[in-house]
Amino acid sequence: MTRFEIDMSDESGSTVTQAAAASGVDPNTYVTSLVKEQLPRHLFLTGAQACIDEFGEALAERFGPSRPHHQAA
């Protein structure tokens, strides 16, 4: 298991503590659940951006509205 420690403002810490209490879990469990929920989205967006960075120009040339012999609708 990997363990991380994070620093946050007192205001953010209070918000996390209140949200965790409202969910009936301790703050560490609450933050862990947030990370697990958001991580797949983050990984997808990071991968999508890498694809755009690497292939975006070629895809725009091939499929974009300004490609040769293409008429706008």
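The structure we're discussing is the one just above.
These remarks concern the structure in this document.

Conventions we followed
- Residues numbered from 1 in each chain as written.
- Predicted model: local features only at pLDDT ≥ 70, side-chain atom pairs only at ≥ 80, totals over all residues.
- Heavy atoms only, no water.
- Helix = DSSP H or I, 4+ residues; strand = E, 2+ residues; numbered from the N terminus.
- Buried < 20%, exposed > 50% of the residue type's maximum accessible area, 1.4 Å probe, protein only.
- Axes fitted to C-alpha atoms, helices over the stretch in contact; angles between N-to-C directions.
- Parallel < 35°, antiparallel > 145°, perpendicular 65-115°, else oblique.
- Contact = heavy atoms within 4.5 Å.
- Nonpolar A, V, L, I, M, F, W, Y, C, P; charged D, E, K, R; others polar.
- Expected span 1.5 Å × (residues − 1).
- Patch = residues over 30% accessible without salt bridge, like charges linked within 9 Å, V, L, I, M, F, W, Y side chains within 5 Å.
- Areas by Shrake-Rupley, 256 points an atom, 1.4 Å probe, with all protein chains shown as cover.
- Salt bridge = Lys/Arg side-chain N within 4 Å of Asp/Glu carboxyl O.

Next up on the list: the overall build of the protein chain. Along its length, the protein chain carries two helices and zero strands. Residues counted as buried form 5% of the 73 residues belonging to the protein chain.

Before going further, it helps to examine the packing of helix α1 (residues 10-23) against helix α2 (residues 27-63). The interhelical angle for the contact between α1 and α2, taken along N-to-C directions, is 90°, at an axis separation of 8 Å. As judged from the angle between their axes, α1 and α2 are roughly perpendicular. Contacts between α1 and α2 involve V16, T17, A19, A20 and S23 from the former and P27, Y30 and V31 from the latter. For the contact of α1 with α2, the class distribution of residues is six nonpolar, two polar and no charged.

Over its 14 residues, α1 runs 20 Å from end to end, which matches the ideal 20 Å to within 8%, given 1.5 Å per residue. One or two steps after α1, the chain reaches G24, where phi turns positive at roughly 75°.

A contiguous nonpolar surface patch, about 270 Å² in accessible area, is contributed by V35, L39 and L43. The residue L43 is located in helix α2 in this model. Owing to a relative accessible area of 53%, L43 belongs among the exposed residues under this scheme.

Summarising the element assignment, V31 is placed in helix α2. Residue V31 is classed as partly exposed on the basis of its relative accessible area of 24%.

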